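Next come the chains, spelled out residue by residue.
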Amino acid sequence: MSDFALELLDIQCTFRSKDDHSQRYTAVADTTLRVRAGEFVSVVGPTGCGKSTLLNVGAGLLEPSSGMVKVFGQPLSGINARAGYMFQSEALMPWRSALDNVAVGLQYRGMPKAEARSQAQQWLARVGLAGFGDRYPHQLSGGMRKRTALAQTLALDPDIILMDEPFSALDIQTRQLMENEVLDLWAAKRKAVLFITHDLDEAIAMSDRVVVLSAGPATRPIGEFTIDLARPRDVAEVRTHPRFVELHTQIWGVLRDEVLKGYEQQLRKAA
Amino acid sequence: MSMRPSERNARAWQIGLLVVLLLLWHFASRSDKIAFFFGEPIQVLGRVWSWFMPVGLPPNPLFPDGLPGNADIYQHLGTTLLETVLAFVIGTVLGLAFGLWLALSPAASLILDPYIKAANSMPRVILAPIFGLWFGLGIWSKVALAVTLVFFIVFFNVYQGVREVSPTVLANARMLGASQRQLLRTVYLPSATSWVFSSLHTSVGLAFVGAVVGEYLGSARGVGYLILQAEGTFDVNTVFAGIIVLTAFALVLDGVVGLIERRLMTWQPQAGETEKI
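Residues numbered from 1 in each chain as written. Chains lettered and ligands numbered in written order. Predicted model: local features only at pLDDT ≥ 70, side-chain atom pairs only at ≥ 80, totals over all residues.

Enquirer: Just to check I follow, could you spell out the overall build of chain A for this structure?
Expert: A tally of helices and strands in chain A yields seven helices and ten strands. Relative to its length of 271 residues, chain A is compact, with a C-alpha radius of gyration of 19 Å against a globular reference of 18 Å. If one aligns the C-alpha atoms of chain A with their principal axes, the spans along those axes are about 50 × 50 × 45 Å. (Helix = DSSP H or I, 4+ residues; strand = E, 2+ residues; numbered from the N terminus. Rg over C-alpha atoms; globule rule 2.2 N^0.38 Å.)

Enquirer: Is there a simple way to think about the interface of chain B and chain A in this case?
Expert: The extent of an interface is frequently quoted as the accessible surface area lost upon association of the parts. Taken together, the contact pairs 18 residues of chain B with 22 residues of chain A. For the side of chain B that touches chain A, the secondary-structure elements that each account for two or more residues are helix H8 (167–175) and helix H9 (180–217) of chain B. At six residues, H8(B) tops the list of elements feeding residues into the side of chain B that touches chain A. Across the side of chain B that touches chain A, the residue classes tally to ten nonpolar, five polar and three charged. (Contact = placed C-beta atoms within 7 Å. Nonpolar A, V, L, I, M, F, W, Y, C, P; charged D, E, K, R; others polar.)

Enquirer: Hey, could you run me through the nonpolar core in this one?
Expert: Here is a general trend for soluble globular proteins: nonpolar side chains tend to be buried in one another's company. Core analysis: the largest hydrophobic core is formed by 125 residues, its most contacted members being Leu124(A), Val150(B) and Ala207(B). When residues of this core are assigned to domains, at least three map to each of domain 1 (4–82 + 158–270) and domain 2 (89–157) of chain A. Beyond its immediate chain neighbours, meaning those up to four positions away, Leu124(A) contacts Ala98(A), Leu99(A), Val102(A), Leu129(A), Ala130(A), Phe132(A), Gly133(A) and Ala151(A). (Core = buried A, V, L, I, M, F, W, Y, C linked by C-beta atoms within 7 Å. Buried ≥ 20, exposed ≤ 12 C-beta atoms within 10 Å, placed from the backbone. Domains from an automatic or database assignment.)

Enquirer: In this structure, what is going on with the packing of helix H10 (residues 223–232) of chain B against helix H11 (residues 236–264) of chain B? I would like to understand it.
Expert: In helix packing, the relevant descriptors are the interaxial angle and the interaxial distance, both defined with respect to the helix axes. Residues and elements named next belong to chain B. Where H10 meets H11, the closest approach of the two axes is 8 Å, and the angle between their N-to-C directions is 160°. If you check the angle between H10 and H11, you find them roughly antiparallel. Two packed elements cross with a definite hand, and for H10 against H11 that hand is left-handed. Every residue of H11 that contacts H10 at Val223, Leu226, Ile227, Ala230 and Glu231 is listed here: Thr238, Val239, Gly242, Val245 and Leu246. Across the contact of H10 with H11, the residue classes break down as seven nonpolar, two polar and one charged. (Axes fitted to C-alpha atoms, helices over the stretch in contact; angles between N-to-C directions. Parallel < 35°, antiparallel > 145°, perpendicular 65-115°, else oblique. Left-handed = near helix turned anticlockwise from the far one by under 90°.)

Enquirer: What's the story with the sheet that holds strand S1 (residues 4–16) of chain A in this structure? I'm lost.
Expert: The pairing of strands in a sheet comes from backbone hydrogen bonds and takes either a parallel or an antiparallel form. All names here are of chain A. The strand order across the open sheet formed by four strands is S2-S1-S4-S5, and the pairing between neighbours is antiparallel. With one partner strand each, in any of the chains shown, strand S2 (24–36) and strand S5 (74–75) form the two edges of the open sheet. Of the strand pairs in this sheet, S1 and S2 are connected by nine bridges, and their pairing is antiparallel. Paired with Thr14 across the two strands is Thr26, which belongs to S2. Helix H1 (residues 51–59) contacts S1, S2 and strand S4 (66–71) of the sheet and is inclined by roughly 120° relative to S1. (Pairing = 2+ DSSP bridges.)

Enquirer: Even after reading the chapter, I still don't get H10(B), so can you show me in this structure?
Expert: The periodicity of an α-helix, 3.6 residues per turn, causes residues three or four places apart in sequence to face the same way. Residue and element names in this part refer to chain B. Within the span of H10, buried status applies to Val223, Gly224, Tyr225, Leu226 and Ile227. On its buried face, H10 is in contact with helix H4 (74–104), H9 and H11. Phe234 sits one or two residues past H10 and shows a positive phi near 55°.

Enquirer: Sorry, what's going on with the packing of H4(B) against H9(B) here?
Expert: Residues and elements named next belong to chain B. Packing of H4 against H9 leaves a shortest axis separation of 8 Å and a crossing angle of 140°. Note on packing geometry: the crossing formed by H4 with H9 is right-handed. Contact with H4, carried on its side by Thr80, Glu83, Thr84, Ala87, Phe88, Gly91, Thr92, Leu96, Gly99 and Leu100, involves Tyr188, Ala192, Val196, Ser203, Val204, Ala207, Phe208, Gly210, Ala211, Val212 and Glu215 of H9 and no other residues of that element.

Enquirer: I tried to follow the sheet that holds strand S8 (residues 192–197) of chain A on my own but got confused; where do I start?
Expert: All names here are of chain A. Ordered by their spatial adjacency, six strands build an open sheet running S6-S7-S8-S3-S9-S10, and the pairing between neighbours is mixed. Two strands bound the open sheet, and with one partner strand each, they are strand S6 (83–86) and strand S10 (221–226). Each neighbouring strand pair of the sheet contributes to a mean axis angle of 15°, computed without reference to strand direction. Bridging between strand S9 (residues 209–213) and S10 involves five bridges; their strand directions are antiparallel. Directly across from Val211, in S10, lies its bridge partner Glu224. Contacts between helix H4 (residues 142–154) and the sheet are confined to S6 and strand S7 (160–164), with S6 contributing the most and set at about 170° to the helix.

Pasting the structure below:
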């Protein structure tokens, strides 16, 4: 068996414009990314550089134009059943209560309703929402919805967890709380995590490894850094650690040019 | 208390307006010519009494001949309501099924698109004679007419509802391992249902319209039939009484739908409801 949980090999994604078939846009090119079992890898890059595209390829939601995806050594076709996905935007079903949202994945896998609900209840308790199972998503705050989504993803006990800027919509305090909680849950189970963010602080504080992507189009990895900070970490405290500052300076040196490049491109597109 | 119209005394103003209109109608109908075309409110009221009440009234100043208590509207009203409910249920189920099918099968929707547009823009009331020919003068020709009205409302709403499912919710359900059938049951159907419910008020009203118009064009029973008969003998009072009864029951149907809607749609944020944290 391969010791890589998820391998994206020579991935290229080219989109054709819907209106004009001769117009093409290459979002991702020549990208190889490997995540070991139990490893926490963050991918940072300027906004709109194709980070989410990469994650969708890993999830099996999007088929790459060329290249291959391997999951624990097996080539992937269709949905990646060993992965759980936490989306950036609202992904809960608004017509189901929090408890039923967490239970739905278990029910999809054929678990009887009563058992699925009791397991879902335990997961809700683990993310601190024990008394909120009967609330509908619109009755929950943004942070609570994210916790519910986290419980929904983790309830299926996936071997790979894909996260697409899951906390970008949260305020800074809630965000740090949730980052620590995710780290605790991860430390207990040691799953492979591929974490997408545009926040370098978040990436360094949480990961074993940080991959920097270039600005689009034709995004590819341009730097890779091993984060050798001791675990367990507290995301707020670790930020003052001298090694953190050193790493941050190093990575930012690579990232800054790309961010500026990406920003310029957006300005040009708007003009 | 101020007499200016406001939220608080709106009810009083509404009732006041009704009284004024009724009085105007009453005094205008003192003239025989006007009474012939517009009826008399007191006679209309007497007709409604005779339809619903099993006991008559002895001769009195308002009704010099007294009022018979026939209580004979129930079978007609029952027929009309039965047609409405049948058309509503059949039209909704058909609309739901077709809407889901077309929204989830791009090939079918591509081919059928012009036919659907044509069928929707056709003035469907004109189908009534054909339905009469096919299904006879019983209730089914009326049900068929009303179904054609209900079907398209529900169909377009379901179609839209499925199309507008949030792509993130859909992708999430797929990542959680939903099969095609489970997607239909747990994502498409609930999403479409909310759109159907927003159209239920319109569609129950149209079911009623279909049933009454069907009866009016040819039947042996129903409130539309009563109105048709009265019109044939220039009995304007009965026509107006029929209109009032129909309006009242349309309001009742609408209220029932509202009740069901509130029961089933608790998950939807109400306008003005604050977020509970």
